[in-house]
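Coordinates in review
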Amino acid sequence: LVAFAALVCFAASRSHEAYAALAAMEVGITALLFLLYLLRLDKRLGCLLWPLADIFNSLIAVLFLLIVCLFAIIIKTNNGTLAGGVLGLVLLVLCVVDAALLFRKISFDGPRSTTAAK
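Everything numeric in this text was worked out from a predicted model, so none of it was measured.

**Section: the overall build of the protein chain**
Counting its secondary structure elements, the protein chain contains 5 helices and 0 strands. Order of helices (α) and strands (β) in the protein chain, N terminus to C terminus: α-α-α-α-α. For the protein chain, the proportion of its 118 residues judged to be buried stands at 30%. In the protein chain, the proportion of contacts linking residues at least 24 apart, taken out of those at least 6 apart, comes to 70%. Within the structure as shown, the protein chain displays about 8000 Å² of accessible surface, and the carbon and sulfur contribution to it stands at 73%.

This is the structure we're talking about:
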């Protein structure tokens, strides 16, 4: 929701296209990962460790959000760009928290299932 709000701010303020493109990309990737987990497709596609892919997504998003949102805040052509930059920084913090929580959840040496063996 924060990424969507940043997208709306960037699009409404008619700021640089890179700002809106990054927010739209993050909305799309987050929606796809949400659908993947909601439909339990991660269990059917067991060849990939999906939480690790989600961590990589979060870390790459943090890198891009840091660069783009700092530019949006520093250059701030109008209040919409400033609001989108601030929301992007909030999204950056949320991505870091998401990556940290997922990293704590992953076990590389144990089974991938959530049920414990008896």
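**Section: the side chain of S58**
Here S58 lies in helix 4 (residues 50–75). When sequence neighbours within four positions are dropped, the list of residues in contact with S58 reads C95, D98 and A99.

**Concerning the UniProt feature "transmembrane region" (unreviewed entry) in the protein chain**
UniProt records the feature "transmembrane region" (unreviewed entry) at residues 18–39, 51–75 and 81–103, using the numbering of this structure. Between the end C-alpha atoms of residues 51–75 the distance is 35 Å, and the span holds 100% helix and 0% strand. Helix makes up 100% of residues 81–103 and strand 0%, and the two end C-alpha atoms of the span are 32 Å apart.

**Re the nonpolar core**
Of all hydrophobic cores here, the largest spans 17 residues; its most connected members are F10, Y19, L65, L91 and C95. Among the elements of the structure, helix 1 (2–12), helix 2 (17–38), helix 4 and helix 5 (79–105) are those that each provide at least two residues to this core. The leading source of residues in this core is helix 4, at 6 residues. Here this core gathers at least three residues from each of two domains, domain 1 (1–40) and domain 2 (46–108). With sequence-adjacent residues up to four places away left out, L65 is seen in contact with L22, L70, G88, L91, L92 and C95.

**A word on the packing of helix 2 against helix 4**
Contact geometry of helix 2 with helix 4 gives a least axis separation of 10 Å together with a crossing angle of 160 degrees. By the angle between their directions, the pair helix 2 and helix 4 is classed as roughly antiparallel. Crossing hand, helix 2 versus helix 4: left-handed. On the side of helix 2, the interface is formed by Y19, L22, E26, I29, L33, L36 and Y37, while helix 4 contributes W50, P51, D54, N57, A61, F64, L65, V68, F71, A72 and I75. Partitioning the contact of helix 2 with helix 4 into residue classes produces 15 nonpolar, 1 polar and 2 charged.

**As for a nonpolar patch on the surface**
Together, L63, L66, I67, L70, F71, I74 and I75 make up an exposed nonpolar region whose accessible area comes to about 670 Å². Mapping I75 onto the fold places it in helix 4.

Reading the values: the criteria
- Residues numbered from 1 in each chain as written.
- Predicted model: local features only at pLDDT ≥ 70, side-chain atom pairs only at ≥ 80, totals over all residues.
- Heavy atoms only, no water.
- Helix = DSSP H or I, 4+ residues; strand = E, 2+ residues; numbered from the N terminus.
- Buried < 20%, exposed > 50% of the residue type's maximum accessible area, 1.4 Å probe, protein only.
- Contact = heavy atoms within 4.5 Å.
- Areas by Shrake-Rupley, 256 points an atom, 1.4 Å probe, with all protein chains shown as cover.
- UniProt positions renumbered as here; feature names shortened; annotations may be inferred.
- Core = buried A, V, L, I, M, F, W, Y, C linked by side-chain atoms within 4.5 Å.
- Domains from an automatic or database assignment.
- Axes fitted to C-alpha atoms, helices over the stretch in contact; angles between N-to-C directions.
- Parallel < 35°, antiparallel > 145°, perpendicular 65-115°, else oblique.
- Left-handed = near helix turned anticlockwise from the far one by under 90°.
- Nonpolar A, V, L, I, M, F, W, Y, C, P; charged D, E, K, R; others polar.
- Patch = residues over 30% accessible without salt bridge, like charges linked within 9 Å, V, L, I, M, F, W, Y side chains within 5 Å.
- Salt bridge = Lys/Arg side-chain N within 4 Å of Asp/Glu carboxyl O.

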